[in-house]
Amino acid sequence: MWKSISWRITLIAVLTAGSLIVLLPSLTDQLPAAWKDRMPKINLGLDLQGGVFLRLSVELDKAIENTILRYSDEARAVCREKGLPVLAYQKAGNDGFSLKFPPGDFAARAVALLKDEFPSLTVSLGEVKSDGATVTVSLKPQEIQAIRTNAVVQGVETIRNRIDQFGVREPQIIAEGEDRIVVQLPGVKDQQRAIELVGKTALLEFKLVDDGVSIEEALKGNVPEEDQVLYQKSVDPQTGRATKTPLVVKKRALLTGDTIKTAKVNFDSRQGGAHVSMSFDSRGAKVFDRVTAENVKRRLAIVLDDSIYSAPVIQERISGGEAQITGNFTPEEAADLAIVLRAGSLPAPVKVIQNVSIGPSLGLDSIQKGIRAAIIGALLVVIFMAVYYRFAGVVADFALVFNILFLLAGMAAFSATLTLPGIAGIILAIGMAVDSNVLIFERIREEIRAKKAVRAAIDAGYDKAFWTVVDSHVTTLITAVILFQFGTGPIKGFAVSLSMGVAINLFTALVCTKVVFDYLNAKKPMQALSI
Amino acid sequence: MMELVKNTKIDFMGLKKYAFAFSAALTILGLVGTVQVYRGKANLGIDLAGGTSMQLKFQKPVAMDEVRAILSKAGHAEATLQGVPGENILLIKLRAHGKAEEKMVAEPVINLLRQSLAGNPFVVESVSEIGPAIGHKLRQDAALALLVSALAIIVYLAWRFEFKFGVAAAIATFHDIFAMVGIFFLLGIEKDLLFITALLTIGGYSLTDTVVVFDRIRENIRLRKRATFSETINLSVNEVLSRTIVTSLTVFLATISLLLFGGIVLHNFALALAIGILIGTYSSIFVASPVIAMWRGEKMTEVKG
């Protein structure tokens, strides 16, 4: 008898010590680093520490469209270079286009040329008529698949890059399914800014302003095929009024942001504003040099995500490979712009389809209220048990303390995430935890009423209640596991704390309480039991 | 010995007519509520319906009518506003109402309020925007979770007891879930993901209660304490009544503490749990056992396990 008792007491003592070692680093910072840093910790969910959860939908069709547009530009340039005159260009669906050539062997030569130049395109000869022949071009299926995959993978990379530069501790950026990206930014304070930083496509393009077309005509819808109307937004620093100025620009970008090597914020001491200066890599510098040399005295629009930031007149050839974006930027706006230019553009636009932002103050408030509710709830249960079951109730309370301790230590050991519903799960687990002891104690009472000796009554109570306790725990566990499987973040937290609490309860309610009764009986057989 | 109930001999089976009538009414109400929930009607939380919700904390008390007027003018006449007494907190909900377009409106609305209520600055405590597609997916997941857990429970209880016990327990569990949906539907309280969580939790809890009663029925059949099945049920329920009440009380105490002190985020969740515990306790006495009695008849054949 004694052997089994001391064995169980040792087990409980070891578990308690282990639990304290694992748990304390999660509760306090006042510990030696050697201890603190080596232990896993309970993570706080976004709802408790504040932060941003974003689910983005990647517009894959747009990525495919962008790719085919780029190919069509290149294809036309290549044809022109080889002396194959393109009479007309037409988009065909989302992933193809067709080019029209004059009669003769132009079309056939174009097919051979394009096939050779662009292995990722399917090129074929289309209709041959008296006034010319068409060549149809489309993306190969495996190429489309590659673009789709790449859009998500590259998107995750780019967003991670931006977030790293923005400075967020432990961000989580993962692809979800075929076309989703989930971004979690715990602890972010400036939430709106973070969301914009993540969601911005940040496609930077340099486009020539077409001065040959009048704005009035263009706004009426008479835009030449190779042109488009874009708007320059500006805010009057005095009145704060925002104005939109339309400009007609060439559709074709002379240079894009992927050639940017670095970008940084500069403060203009004269005007007090901030601007972003960037330097190009060697290829970009070469192109920029040529473009500026060819277009002196013309206006070059700097376009980010289809809105014009500035459209300065090119005064002279710029050979240094440097350019500036000016605009009435606040320091934060300029800093964020520099970040997105450095990190690069997203391969496809993304749309925020879910945004949960929790301010840090609400998180703190939730923790405080949750902990207060947990403490009051636990106290109510503890007092009730002590009043109703007297000494036995106190024993159950003692087991409850172990239950809570082991549960928190278990959560720390698995680095589980504690959410506000998770705290609710702990409270509920506390309420349910005493159920096992209630079942056992009611059994013991029945046995005592049936005039059994105390010790026999206790043993019978534990014995007979055992399977009922197991059954009731398993059913709760089943629902908790299913909740975990189907739930989202906060609710997973609820499932975790509830299921762990219930599982641990099986041990504390059966072993921790029984050993007390056994110990007392072993010292001196009990004549009466206060229950 | 302190006892809340002592040697009761209540004829629970005799009350089953009333109980069935009551339960049938609750279940029908719940079915109506469930259909409405699935259709995206019935005051769904924005996490299930799609839309935008935000919690703003003002420095001074804020007039709801004023905010409502501002929002109406901006085309958000359907916004729901909810204040938290004594805390200058305002909850604004803008439901998507099944609009296909997934447009995020939090930022413009916040900017609008900042401008219009310049004299009363506020902090944005939380923003939650959910596109209709996600809301739809979460609704489906929730329905699937409920179904899968019902199946898992039937299988477990069929294994531990017998098939009829499993089905009866599942019926009792579904009764509870429908009853909660019905009551929340009737009260017009918002149903969100946490509510679904409460449903599953109460499902598990009520099942525990049911299993305790079933265990005792099985034992009393084996011991042949009574001549008929109905009498055995009555005896068993009476024998475990004290435990049923004590456990319900302790869980209820914990939940009430959550309801009173847990803060606004958990308020409806705690309320659902509290109501659910009452229903779960009722169903394990008045629904699960009578269902078996009706199905099994009065034979006193032993239950395996």
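Residues numbered from 1 in each chain as written. Chains lettered and ligands numbered in written order. Predicted model: local features only at pLDDT ≥ 70, side-chain atom pairs only at ≥ 80, totals over all residues.

**Looking at the overall build of chain B**
Quick note on the threshold: Under the scheme used here, helices are H or I runs from DSSP no shorter than 4 residues and strands are E runs no shorter than 2 residues, and both carry numbers assigned from the N terminus. Whether a residue is buried, exposed or partly exposed is read from the other C-beta atoms within 10 Å of its own C-beta, which are placed from the backbone; 20 or more gives buried, 12 or fewer gives exposed, and intermediate counts give partly exposed. Residue pairs qualify as contacts under a 7 Å threshold applied to their C-beta atoms, which are placed from the backbone.
Secondary structure assignment for chain B yields 9 helices and 4 strands. Along chain B, helices (α) and strands (β) appear in the sequence α-α-β-α-β-β-α-β-α-α-α-α-α when read from the amino end. Along the first, second and third principal axes, the C-alpha set of chain B runs to 75 × 45 × 30 Å. Looking at chain B residue by residue over its 305 residues, the buried ones come to 54%. A sequence separation of at least 24 residues applies to 79% of the contacts in chain B between residues at least 6 apart.

**Regarding the overall build of chain A**
Of regular secondary structure, chain A possesses 14 helices and 19 strands. Here chain A holds 531 residues, and the buried ones make up 45% of them. For chain A, long-range pairs separated by at least 24 residues make up 71% of all intrachain contacts whose partners lie at least 6 apart in sequence.

**A closer look at the packing of helix 4 (residues 60-81) of chain A against helix 5 (residues 106-117) of chain A**
All names here are of chain A. So the rule is basically this: In this description, a line fitted to the C-alpha atoms serves as the axis of each element, helices being fitted only across the stretch in contact, and the angle between N-to-C directions of two axes falls anywhere from 0 to 180 degrees. The cut-offs work like this: below 35 degrees is roughly parallel, past 145 is roughly antiparallel, 65 to 115 is roughly perpendicular, and the gaps in between are oblique. By convention the crossing between two helices is left-handed if the near helix lies anticlockwise of the far one by an angle smaller than a right angle, and right-handed if it lies clockwise. The nonpolar class holds Ala, Val, Leu, Ile, Met, Phe, Trp, Tyr, Cys and Pro. Asp, Glu, Lys and Arg form the charged class, and all remaining residues, Gly among them, are polar.
At a minimum axis separation of 11 Å, helix 4 and helix 5 run at an interaxial angle of 125°. Put simply, helix 4 runs oblique to helix 5. Considering only the axes of helix 4 and helix 5, their crossing is right-handed. Each of A75, V78 and C79 in helix 4 lies in contact with helix 5, whose residues at this interface are A110, L113, L114 and E117. Per-class residue counts for the contact of helix 4 with helix 5 are 6 nonpolar, no polar and 1 charged.

**Remarks on the interface of chain A and chain B**
Our working rule: In this analysis, strands are considered paired if DSSP registers two or more bridges between them.
Contacts between the two partners involve 57 residues from chain A, matched on the other side by 58 residues from chain B. Of all the secondary structure elements, the ones that give two or more residues to the side of chain A that touches chain B are strand 18 (350-358), helix 11 (360-413), helix 12 (420-449), helix 13 (454-486) and helix 14 (489-523) of chain A. Its residues assigned to classes, the side of chain A that touches chain B shows 31 nonpolar, 17 polar and 9 charged. Looking at chain direction, strand 18 of chain A and strand 4 (residues 122-130) of chain B are connected through 5 bridges and run antiparallel. Bridged to A:S357 within strand 4 of chain B is B:V127.

**Side note on unusual backbone geometry**
Residue and element names in this part refer to chain A. Residue D305 is not a glycine yet carries a positive backbone phi of 50°. Mapped onto the elements, D305 comes out in the loop between strand 15 (300-304) and strand 16 (307-310). The class of D305 is partly exposed, set by 15 C-beta atoms lying within 10 Å. Here the phi dihedral of K451 falls at roughly 65°; this positive angle occurs in a residue that is not glycine. Position of K451 among the secondary structure elements: in the loop between helix 12 and helix 13.

**A word on the domain arrangement of chain A**
Heads up, the rule is: In this entry, domain limits derive from an automatic or database-based domain assignment.
We note that the domain assignment places domain 1 (2-48 + 361-523), domain 2 (61-143) and domain 3 (200-358) within chain A. For domain 2 of chain A versus domain 3 of chain A, the separation of C-alpha centres amounts to 30 Å.

**Considerations on the pairing of strand 6 (residues 132-139) of chain A**
Residue and element names in this part refer to chain A. Across the 8 residues that make up strand 6, a large majority, 6, are buried. One ladder, built from 6 bridges, connects strand 4 (residues 96-101) with strand 6; its direction is antiparallel. The residue of strand 6 that forms the bridge with G96 is S138. Inspection of the sheet shows strand 5 (residues 121-129) paired to strand 6 by 7 bridges, in the antiparallel sense. Counterpart to L125 in the pairing with strand 6 is V135. Joining the antiparallel neighbours strand 5 and strand 6 is a turn of 2 residues.

**Side note on the pairing of strand 14 (residues 274-280) of chain A**
Residues and elements named next belong to chain A. Counted residue by residue, strand 14 has 5 buried out of 7 residues, so it is predominantly covered. Pairing analysis gives 7 bridges linking strand 13 (residues 260-267) to strand 14, with the strands arranged antiparallel. In the strand pairing of strand 14, V265 is matched with V276. Two elements, strand 14 and strand 17 (residues 322-329), share 5 bridges in a ladder whose sense is antiparallel. Counterpart to V276 in the pairing with strand 17 is I325.

**Points about helix 4 (residues 106-116) of chain B**
All names here are of chain B. Applicable threshold: The directions considered for the arc run from the helix axis to the C-beta atoms.
Among the residues of helix 4, A106, V109 and L113 are the ones counted as buried. Burial along helix 4 is one-sided: seen end-on, the buried residues are contained in an arc of 70°. The outward face of helix 4, more than 90 degrees from its buried face, is lined by the exposed residues P108, N111 and Q115. Residues of helix 4 that are buried in the fold lie against strand 1 (51-58), helix 3 (64-73) and strand 4.

**Observations concerning the packing of helix 4 of chain A against helix 6 (residues 141-166) of chain A**
All names here are of chain A. Close contact between helix 4 and helix 6 brings their axes to 9 Å; oriented N to C, the two are set at 120°. Classed by the angle they form, the pair helix 4 and helix 6 counts as oblique. Along this stretch, helix 4 crosses helix 6, giving a crossing that reads as right-handed. Contact residues: helix 4 offers L60, A63, I64 and T67, while helix 6 offers I144, I147, R148 and A151. Grouping the constituent residues of the contact of helix 4 with helix 6 by class yields 6 nonpolar, 1 polar and 1 charged.

**Considering the domain arrangement of chain B**
Parsing chain B into structural domains produces domain 1 (13-43 + 134-296) and domain 2 (51-130). Its C-alpha centre places domain 1 of chain B at a distance of 37 Å from the equivalent point of domain 2 of chain B.

**A closer look at the sheet that holds strand 11 (residues 242-250) of chain A**
All names here are of chain A. A sheet is described by the order of its strands in space; here 6 strands give the open sequence 11-10-16-15-9-12, paired in mixed fashion. Only two strands of the sheet have a single neighbouring strand rather than two, namely strand 11 and strand 12 (255-256). Judged from the 2 bridges that link them, strand 9 (residues 204-208) and strand 12 form a sheet pairing that is antiparallel. Along strand 12, the bridge assignment pairs F206 with L255.

**A word on the sheet that holds strand 14 of chain A**
Residues and elements named next belong to chain A. Strands sit in the order 13-14-17 across an open sheet of 3 strands; the sheet is antiparallel. Whereas interior strands pair on both sides, the edge strands pair on one side only; in this sheet they are strand 13 and strand 17. Going across the sheet, the axis of each strand differs from the next one's by a mean of 20°, ignoring polarity. Sheet strands touched by helix 10 (residues 331-343): strand 13, strand 14 and strand 17. Its angle to strand 13, the strand with the most contacts, is close to 170°.

**Here we look at the nonpolar core**
Our working rule: Remark: nonpolar core denotes a set of buried Ala, Val, Leu, Ile, Met, Phe, Trp, Tyr and Cys residues whose joining runs through C-beta atoms within 7 Å.
The biggest cluster of nonpolar side chains holds 238 residues, and the ones touching the most others in it are A:A110, A:I427 and B:M180. Examining the composition of this core, we find that 21 residues originate from one element, helix 11 of chain A, more than from any other. Listed in part, the 14 residues of the second largest apolar core include B:V67, B:L71, B:V124 and B:V127.

**Structural notes on the confidence of the model for chain B**
Residue and element names in this part refer to chain B. Keep this limit in mind: Residue-level confidence of the predictor is what pLDDT reports, using numbers from 0 through 100.
When pLDDT is averaged along chain B, the result is 85; 96% of the residues meet or exceed 70. Mean pLDDT values over the elements of chain B span from 80, in helix 2 (residues 46-49), up to 91, in helix 8 (residues 229-261). Interface scoring of the predicted complex returns ipTM 0.87; its pTM is 0.80.

**Some words on helix 6 (residues 163-187) of chain B**
Residues and elements named next belong to chain B. What counts here: Here, expected helix span is obtained from the residue count minus one, scaled by 1.5 Å.
Between its first and last C-alpha atoms helix 6 spans 36 Å; for 25 residues at 1.5 Å apiece the expected length is 36 Å, and the two agree. Here helix 6 lies mainly inside the structure; 20 of its 25 residues are buried. Looking one or two residues beyond helix 6, the residue adopting positive phi is G188, at roughly 70°.

**Focus on the environment of A:R169**
Within the secondary structure layout, A:R169 lies in the loop between helix 6 and strand 7 (172-176). Separated by 78 residues in sequence, A:R169 and A:L247 have C-alpha atoms that sit 42 Å apart.

**Observations regarding the environment of A:M1**
Along the polypeptide, A:M1 turns up in the segment before helix 1 (2-27). With 509 residues separating them in the primary sequence, A:M1 and A:L510 have C-alpha atoms 17 Å apart.

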